[in-house]
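Survey of secondary and tertiary structure
One-letter residues, chain by chain:
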Amino acid sequence: QDPLLYEDCISPQGACHRLLQLNCCLSFEQADSGVSGVQVADSPNAPSRDLLAEAGWKSLISLNPLLSSKPPQAISIGNGAFEACKNLQEAHFPEATSIGSGAFVAVKTQEARFPQATTIGEGSFENCTNLQKANFTQVTTIEGEAFRECLNLQETCFPEATTIGRFAFLECRNLQQAYCPKATNIGDGAFYNCTNLQQANFPQATNISVRAFNLCTKLKQAHSLKATSISNHAFHRCINLQQAIFP
């Protein structure tokens, strides 16, 4: 490892509890706990296509001052990579193509931008209660619970998504519109209890699973031109539903 990556650390294999900013692609595959003194970890010789290691980032749970993390060349984000980094305010990975399960659980970021990502892993952004915008222009798969309990999520962009997993947007109570023009499958409880959802437009959806829109009490319109299966309780208690078009 480049020693500059761990400048001012007590041990080059420890968690860096006072890391202020991470501007390059680092590998923490050997990281563990017990280190208490790094100010900046930055290196002009960082690897060009590094992997954010699952084990290393999990050791940053107590990293309170972590405010900005922009490794611009990271192409893969591991499971639990930034889990419980509760003061992480920005997540922007322009080259990342995959986001592992639970990668950003319970972080405080308000916007998630991943223009090249094709897969969002299970529970990737679960309980990100400050998240307001999620823009993933290349994503084809949104796995289960990906945005579960993102209570302030208002704006989403998934123009290429074909699969929306079970409970993907469960209790996203400020989400007002759901438009995925290429989605063919909407999983169990995908939008369960999205109490402010007013429009659900899925022109290519063939399958709407159990309780997909259950308790969407403000839902007024539901459209799907190709639906062949609408499962039990799919629109249960959508008390304001006025128009449902499934020709």
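Now for a quick tour of the structure. Predicted, not measured: the structure shown is a model, and the values here were computed from it.

**Let's talk about the overall build of the chain**
Summing up its helical and strand segments, the chain has one helix and 19 strands in all. Scored against the burial criterion, the 247 residues of the chain give a buried share of 46%. Taking as baseline every contact in the chain between residues at least 6 positions apart, the subset at least 24 positions apart corresponds to 20%. Accessible surface, the chain: about 10,900 Å² in total, of which carbon and sulfur atoms supply 45%.

**Thoughts on the pattern of salt bridges**
In the structure shown here, the tally under the stated rule is six salt bridges. A salt bridge links Arg113 to Glu90, with the nearest nitrogen and oxygen atoms 3.3 Å apart. Taken as a pair, Arg113 in strand S7 (residues 111-113) and Glu90 in the loop between strand S4 (76-77) and strand S5 (91-92) lie far apart in primary sequence, 23 residues in all. Judged by its relative accessible area of 30%, Arg113 is partly exposed. Between Glu149 and Arg148 there is a salt bridge, with the nearest N and O atoms lying 3.8 Å from each other. The partly exposed category is assigned to Arg148, whose relative accessible area is 23%. What you see here is one network of salt bridges that share partners, running through Glu90, Glu111 and Arg113.

**Thoughts on the sheet that holds strand S13 (residues 177-179)**
Read across the sheet, four strands follow the order S13-S15-S17-S19 without closing on themselves; strand pairing throughout is parallel. Every interior strand has two partners, whereas the edge strands, S13 and strand S19 (243-245), have only one. Here the average twist between neighbouring strands, direction ignored, is 5 degrees. With three bridges joining them, strand S17 (residues 221-223) and S19 adopt parallel strand pairing. Within S19, the position partnered with His223 by the bridge is Ile245.

**Regarding the environment of Thr156**
Assignment of secondary structure puts Thr156 in strand S11 (residues 155-157). On the basis of relative accessible area, Thr156 is assigned to the partly exposed category, the value being 21%. Once the C-alpha coordinates of Thr156 and Gln177 are considered, the two residues, 21 residues apart in sequence, prove to be 8.1 Å apart.

The rules behind these values
Residues numbered from 1 in each chain as written. Predicted model: local features only at pLDDT ≥ 70, side-chain atom pairs only at ≥ 80, totals over all residues. Heavy atoms only, no water. Helix = DSSP H or I, 4+ residues; strand = E, 2+ residues; numbered from the N terminus. Buried < 20%, exposed > 50% of the residue type's maximum accessible area, 1.4 Å probe, protein only. Contact = heavy atoms within 4.5 Å. Areas by Shrake-Rupley, 256 points an atom, 1.4 Å probe, with all protein chains shown as cover. Salt bridge = Lys/Arg side-chain N within 4 Å of Asp/Glu carboxyl O. Pairing = 2+ DSSP bridges. Axes fitted to C-alpha atoms, helices over the stretch in contact; angles between N-to-C directions.

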